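# Structure assessment
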Amino acid sequence: MGCGSSSSAEGAELAKKQEDERFEREEKRRLEKERLQKEKEDEERKSSTENRAAELDKQANEAVAEGIANRIAEDLAQKKIDESREAEQAAKEQQETQVMESFKGMGAKLRFREALAHGNMDMARDAGANMLQGAWRAKIARRKMEAKRAEKQRLLEEGYVRKIQCRYRARLAHKRVEELRAERLRVLQAATKPVQIEEVNVQSSGVPAMKVGYLQKEGHVRKNWKIRYFVLMADDSGGSTLKYYVKEKSTPPYGESEKGSLNLKGCTVNVENVYAVLTTDGKSLKVKFSGAEDRHSWMSAIEQHIQYAS
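Residues numbered from 1 in each chain as written. Predicted model: local features only at pLDDT ≥ 70, side-chain atom pairs only at ≥ 80, totals over all residues. Heavy atoms only, no water.

What follows deals with the confidence of the model for the chain. Averaged over the chain, the pLDDT score is 76; the fraction of residues at 70 or greater is 75%. Least confident of the elements in the chain is helix H3 (residues 197-200), whose mean pLDDT is 42; most confident is strand S7 (residues 283-288), at 91. In this model, residues 196-204 is a region of pLDDT below 50 whose contacts with residues beyond four sequence positions or in other chains number 14 contacts. (pLDDT = per-residue confidence, 0-100. Helix = DSSP H or I, 4+ residues; strand = E, 2+ residues; numbered from the N terminus. Contact = heavy atoms within 4.5 Å.)

So, in structure tokens, the structure goes:
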């Protein structure tokens, strides 16, 4: 009996062990499946975000090109206006010529009457010819002046209308660029995965937490706006740095293709509406926030890091 009971207990224990091993294998397979599914979803999300951002970027570039084309057209319209003013000046000169021809014609008419009065037929013929020539020249000059005046008026009207149209279209294109860039920024911000702060910063006493996210940054040479991925991070040595990259990355340094950085030691900040200018050691960085909430969140973090680094 004792031997049978012992064998039965060992069999039950073996069965339980096998069941536990089977459960553990199934759990591992389930976790691995979930991990692969999550990676697939993250990859699809990233691909969708990048495609949408690229599409918006393309549309913004097209709007920029349209704005440039309209500004060029506006310059051409201004050139036409200048040409019409030159035509106006030419018309004035033509009018002066007409007046002179009229004076000549009047002089010839007086000489013609004087010659007839004295019976000098040769002088009368010469004066009559001059009188007819003067009248003909005055008539031609008057027609030319009227034609140039009409051309001047047409050029002025076309030039001013074209200039106004081009300026309006350029403003619409600029507004469209701003809207597309703002939309691209919202897409990137919505798709940004939050960094696990506890994995990045060991929260030693006084060390502020890291902050990451997309912001717009003004260029140093060309004063255009670019969307950059910012990483605000402190270190245990007492320093804080604001770096910006082309796009985000899930592992340190949490950004790809670094474009620049700003040491926050002794940094001064000037905030106006949704803009902020950070200046330190003669180097400045101008950023644009997506709204009041975004500005408050970033400025609160930046001020903590400035205090830590100073």
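A few words now on the packing of aromatic side chains. Per the counting criterion, the structure on display carries four aromatic pairs. With a centroid separation of 5.7 Å and an interplanar angle of 45°, the aromatic rings of Trp225 and Tyr275 are classed as tilted. Note that Trp225 is positioned in strand S2 (residues 225-234) and Tyr275 in strand S6 (residues 275-280), a separation of 50 residues in sequence. Plain terms: the ring middles of Phe230 and Tyr244 are 5.4 Å apart, the flat faces sit at 35° to each other, and that makes the pair tilted. Taken as a pair, Phe230 in strand S2 and Tyr244 in strand S3 (residues 240-248) lie far apart in primary sequence, 14 residues in all. For Tyr244, a relative accessible area of 5% corresponds to the buried category. Counting every residue linked through ring pairs, the aromatic cluster contains Phe230, Tyr244 and Trp298. Directly above the ring of Trp298 sits Lys211, whose terminal nitrogen or CZ lies 5.0 Å from the centroid. A cation over an aromatic ring shows up here: Lys286 above the ring of Tyr275, its NZ or CZ 5.3 Å from the ring centre. (Phe/Tyr/Trp six-rings, centres within 6.5 Å; stacked < 30°, edge-to-face > 60°. Buried < 20%, exposed > 50% of the residue type's maximum accessible area, 1.4 Å probe, protein only. Lys NZ or Arg CZ within 6 Å of the ring centre and 35° of its normal.)

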